[in-house]
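In case you want the letters, here they are:
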Amino acid sequence: MDKVIRFWEGLSNKKRGLIFILAGMICLIGCLILLIFTESIFSTVLLYFSLGFNIIGLYILMWIKDRRDKNDKE
């Protein structure tokens, strides 16, 4: 567990945001596959997870962009 925490702390914020977006996209693909081939309730759960991951990832990336823009103005 310590290795995972150290690995996560070593990542830049941009990579963390991209990991959240990638996880969201994977959940979205899984949701669509389940929705097309089955009528599973689990597809709805995956859809909510994908939306959450994508929102978190986009928030991190927008926060980085905003912080970078403020540093450029100074």
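Everything below is about the structure printed above this text.
Here the structure is a predicted model, which means the values were calculated and not measured.

Caption draft 1: Representation of the overall build of the protein in the model. Per the secondary structure count, the protein includes three helices and zero strands. Tracing the protein from N to C terminus, the helices and strands come up as α-α-α. Among the 74 residues that make up the protein, the fraction classed as buried is 20%. Pairs at least 24 residues apart make up 58% of the contacts formed inside the protein by residues separated by at least 6 positions. Taken as a whole, the protein presents about 6100 Å² of accessible surface, with 70% of it coming from carbon and sulfur.

Caption draft 2: Region of the structure containing helix α2 (residues 13-37). The first and last C-alpha atoms of α2 sit 36 Å apart over 25 residues, in line with the 36 Å expected at 1.5 Å per residue. Among the residues of α2, those classed as buried are Arg16, Gly17, Phe20, Ile21, Gly24, Cys27 and Cys31.

Caption draft 3: Geometry of the side chain of Arg16. Counting through the fold element by element, Arg16 comes out in helix α2. We note that Arg16 is buried and unpaired, the nearest opposite charge coming from Glu9 at a distance of 6.9 Å.

Caption draft 4: Quick look at the side chain of Ser50. Positionally, Ser50 belongs in helix α3 (residues 42-73). We classify Ser50 as buried; its relative accessible area is 1%. Discounting residues that sit within four places of it in the chain, Ser50 has contacts with Gly24, Cys27 and Leu28.

Quick notes on the rules
Residues numbered from 1 in each chain as written. Predicted model: local features only at pLDDT ≥ 70, side-chain atom pairs only at ≥ 80, totals over all residues. Heavy atoms only, no water. Helix = DSSP H or I, 4+ residues; strand = E, 2+ residues; numbered from the N terminus. Buried < 20%, exposed > 50% of the residue type's maximum accessible area, 1.4 Å probe, protein only. Contact = heavy atoms within 4.5 Å. Areas by Shrake-Rupley, 256 points an atom, 1.4 Å probe, with all protein chains shown as cover. Expected span 1.5 Å × (residues − 1). Lys, Arg positive; Asp, Glu negative; His and termini not counted. Salt bridge = Lys/Arg side-chain N within 4 Å of Asp/Glu carboxyl O.

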